[in-house]
Structure formats: structure tokens, C-alpha cells
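Coordinates in review
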Amino acid sequence: MPVPEGKDFLTDSPLALASGAPDFGAVDAEEAWISVIRKMDETYAELVRQQVELEEKNAALEEAQGFIAGLLGSMTDVLIACDLAGRVEQVNLAAERVFGQLADALTGRPLAALLDPSSPTSASDVLATAARRQRIADREFTLATPEGPQAVSVNGALRFDPRGRPVGVVLVGRPIGELRAAYHALANAHEHLKRTQQQLVHAEKMASLGRLVAGVAHELNNPISFVYGNAHALKRYAERLITYLDAVHAGSDAAALARTRGELRIDRALADIPATLAGMLEGAERVRDIVADLRRFSSDNREAREVFDLGSVVRSAVDWVAKSQMPDLAIRVKVPEGLEAVGHPGHIHQVLMNLVQNAVDALEGRPDPRLDITGERLGGPDGGRVAVRVRDSGPGIPEDILGRIFDPFFTTKAVGKGTGLGLSICYRIAEEHDGRLEAANHPDGGAVISLILPAGGRP
């Protein structure tokens, strides 16, 4: 039955009015409208939330794009991004400057159009390398620029999409002229450093030579003075003998000869001549031994290895350095007789001279300076080795630099008094002899430097 216009079938029917039943239709319609309004509010709130998230993502995307654009714009290297077919998809500001065109004009062009025909690496080489999933490392390209061909060193790699599929190639090139300039500057700096190191090593050698000359001069002074004095005595004796012999040959009588013999003290001269000659011979032999030591110690045959007496080398180093520089230094050398080591005695002598010199420097201005040098044959894990320990009564080595004293160019001495190479050279020489050099502080004060070398002979 059709419902009259403006009438509700449930609420306005005569049966419903006559029966006095409740108006359930009006209640249901109100609840339906309330539900619809609630759904609309929820939908609107969801739309607002999504809109806020979308705006935040857009802001983040714009910031990321701006950051990427800033990076591309600040790059000094040429950047070209291509697809797998070799078409240019994006370039940076440096590429625009090199090719003299804007990015829009370069985008979509084949990579081959940007390369000079003389380029050692072609566009097909790039695509073939990309097809093999390999990187492009330090390949030389020649770009076709308005100023002419320009050589660049290029590194490149594949570009992937979010699903991990290769979609293109990214090439980054730097002008080889800049690299050559950088290499040239680096080579110049390296050469300058080498010259500086050579100068420092030469300065250290000259300082060692000065100490050596001073020590040798001190050692030679005693025997030469002894020979010089005895030579003058022999000269006087010879003059007396010549005068006496002239009187004998002149035919003087016995009384005159006896008187002349007494006046010239011929008998005393004859008694002194053997001792004088023996002293001169001893002094000459001492000079000969010193010269032989110099010749042996100055030898630079690094391959030569021999068994030598460590005690004589130690005593020579002490005589040539300590005694000539600090006469009031109390020195105690306790090296057993027959303590032998294997190596180059000249190089070990250089090491010991340097160790003694450092000890003397540490004792400068100290009251009651004392230097103790001991030697022993080691046992236990170091069996088959000998050790020489140089201990001074100085202030010791500060703990914060104890591990650095063997570093090249490290020194605690004032400017002009040390190059920082002495202990470093000694450390290297010890290693070349299959030994080692160690530094420590003695419990009773002072520093202790230990030189450990392979032993020679039997225990």
C-alpha cells in the first residue's frame, strides 16, 4: 500500500495511534543520525591526521631534496647519473659548468654525446661494466667541453631502486689536472721531508763524530804526550853521548874522559835509555791500537758479523766519551772478562757511545754524578744472550714519555742540543743485530738503558 506523502508508515498509521504503542521509529532515527554524525567526526579527524602527516612528509621530502640539491651544488667533482641505456638523467652544478649547459639541456642526452671521441673509456665501456655488475675505479675519461677535451679520473657504481633492482649508473669525475697538481704537491712535500730527515741524520752523525773526535783526542793525548816527553829526553841523552864520544875520538886522557863522563852524567843516561825507549814503544803501540780501533769501528760493512769482546768495547766507549767530558764523574764498569757478543763491533761501539753520552747529559749539573755499567750473560728465556746495562744517577725518565724515547725525532733536550735521532738509531742498530734496546727507571733512582745482544762462545 502506498504511503501518503508526509506520513511515516510506522508512526503515523491509524493502527499505531489507536493502539497507543510507543513511537520506536523516532528513537531509532535519532540514534541513526547520532551514529552517522559520529562516523563523520571520526572520518574528518582521520582526514585531518592524514593531512598533517602528509604535510610533515612533504616538508621532510622538501628538506631532503634541498639537502641533496645542496650537496650536488657544492660538489666540485663532475657528477653524471645515467640509466641503463646510457641516457643522462641528472647532473650537478659542476657538470653544468664543465659542459657550459644547464641541467635541462643535458638531461636525456646519451652519455656518448658528452664524451670526446678520443676518450680512453667510452660510453659502451661504461654500460658493459655496469652489465657485469662491476665498479668503475679510477678510469680515465675525456669530456667534450666548450674549451676542448678535458681529461678526468672517474669512479662509478650502479644505482639501485628501493626494490634492489639496478636502474642506472652514477659517475663521479675529477679533473686529472687537479690530481696531478695534488700529486706534485705531495711529491714535493715528500722530497722536502726526505731532505729534512737527511739533514737531521747528518746533524746527528756530525754530533756523534764530534763526541768521537773529542774522545779520541783525549785518548791519544796521553800516549802522544808520553812519546813526546821521552823523545825530548832521548834528544838530551843523544847530545851528551855525542859530546862524550867527541872527547873520546879527540884522544883525551883517562882522567879527562872520566871527568867529562861525570859532568855529562853518561852512566845515568845509559841507564835511562832502555826505559825511555820502552815507554816510547808502549805509547806508540797505544796510538796504533787506538787507530786500529778507529778503523774497525768506522767500518760500514753491515753484513760482517764477528765474535768480539764486549768488555773492551764498553771500556773504549767510556774512555772516549765520559772521561773527556766529565772528569769528576764516578764511573764503575763491571763487565766480566771473556763476555763476548756476536755482531759488528763498530756499530755496537756507536750504540754504547750514544748511551754513555745520554747518561752524561742527564748527569749535567747533578751533585755526585755516578755512572754504573754492568754486563752479564742472561739465562732463562733469554738464554744465549748478553746484556749491557748503563745506569746513571740522574733524575730518571718521566713515566709519560718512557714509551716514546726511542721514537724518531723525539727529544727532551733544548733546541740545538739534540736531534731526537740518537736513541732511534741505536734502537734500529740493536734490531739489526737481532737484539733489542730497553729503557726503565731504577728503583733507587736514575735511568737504566739495557742493550741485549746475541752471545758469542759458550757459557
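Thresholds applied
- Residues numbered from 1 in each chain as written.
- Predicted model: local features only at pLDDT ≥ 70, side-chain atom pairs only at ≥ 80, totals over all residues.
- Heavy atoms only, no water.
- Helix = DSSP H or I, 4+ residues; strand = E, 2+ residues; numbered from the N terminus.
- Buried < 20%, exposed > 50% of the residue type's maximum accessible area, 1.4 Å probe, protein only.
- Contact = heavy atoms within 4.5 Å.
- Areas by Shrake-Rupley, 256 points an atom, 1.4 Å probe, with all protein chains shown as cover.
- Pairing = 2+ DSSP bridges.
- Arc of directions from axis to C-beta.
- pLDDT = per-residue confidence, 0-100.
- Salt bridge = Lys/Arg side-chain N within 4 Å of Asp/Glu carboxyl O.
- Axes fitted to C-alpha atoms, helices over the stretch in contact; angles between N-to-C directions.

1. Re the overall build of the chain
For the chain, the count of helices and strands is 12 helices and 12 strands. When the 459 residues of the chain are sorted by exposure, 34% land in the buried category. Taking as baseline every contact in the chain between residues at least 6 positions apart, the subset at least 24 positions apart corresponds to 59%. Summed over all atoms, the accessible surface of the chain reaches about 28,100 Å², with 57% contributed by carbon and sulfur.

2. Quick look at unusual backbone geometry
With a phi close to 50°, Asp368 is a non-glycine residue in the positive phi region. Along the chain, the position of Asp368 falls in the loop between α11 (345-362) and β9 (370-377). A residue is classified by how much of its surface remains accessible, and Asp368, at 69% relative accessible area, is exposed. Despite not being glycine, Asp434 has its phi angle at roughly 60°, a positive value. On the basis of relative accessibility, which here comes to 55%, the residue Asp434 falls in the exposed class.

3. A closer look at the pairing of strand β12 (residues 447-454)
Sheet faces and side chains relate simply in a regular strand, where the side chains alternate between the two faces. Burial within β12 is extensive, with 8 of its 8 residues counted as buried. Relative to β12, strand β10 (residues 385-392) runs antiparallel, the two being bridged by 7 bridges. Residue pairing across strands places Arg391 opposite Val448, the latter belonging to β12. The hairpin formed by strand β11 (residues 436-441) and β12 contains 5 residues between the paired strands, and Gly445 there has a positive phi angle of roughly 110°.

4. Concerning helix α6 (residues 123-131)
Among all positions in α6, only Ala123, Val126, Thr129 and Ala130 are buried. Looking down the long axis of α6, one finds its buried residues gathered within 125° of arc, a one-sided arrangement. The secondary structure elements touched by the buried residues of α6 are α5 (111-114), β3 (136-145), β4 (148-160) and β5 (166-175). Where α6 terminates, the next one or two residues include Arg133, which has phi positive at roughly 60°.

5. Digging into the confidence of the model for the chain
Atom-level detail of predicted coordinates should not be read off regions where pLDDT is low. With 80% of its residues at a pLDDT of 70 or more, the chain has an overall mean of 80. Counted against residues more than four places away or in other chains, residues 1-21, with its pLDDT under 50, gives 12 contacts.

6. Topic: the pattern of salt bridges
Side chains carrying opposite charge are able to pair once their charged atoms draw close together. Across all of its chains, the model carries 14 salt bridges by this definition. Between Arg174 and Asp77 there is a salt bridge, and its shortest N-O distance comes to 3.0 Å. Taken together, the residues span a long stretch of sequence, with Arg174 in strand β5 and Asp77 in the loop between α2 (24-74) and β1 (78-83) at a distance of 97 residues. Since its relative accessible area comes to 35%, Arg174 is described here as partly exposed. Judged by relative accessible area, Asp77 falls into the buried class, the value being 14%.

7. Things to note about the sheet that holds β4
Strand order in the open sheet made by the 5 strands is β2-β1-β5-β4-β3, with antiparallel pairing throughout. Two strands close off the open sheet at either side, each with one partner strand: β2 (88-91) and β3. Taking each pair of neighbouring strands and ignoring which way they run, the sheet shows an average axis angle of 30°. The pairing of β1 with β5 spans 6 bridges and is classified as antiparallel. Bridging from a neighbouring strand, Asp83 pairs with Gly168 of β5. This element, α6, spans β1, β3, β4 and β5 of the sheet and lies at about 150° to β3.

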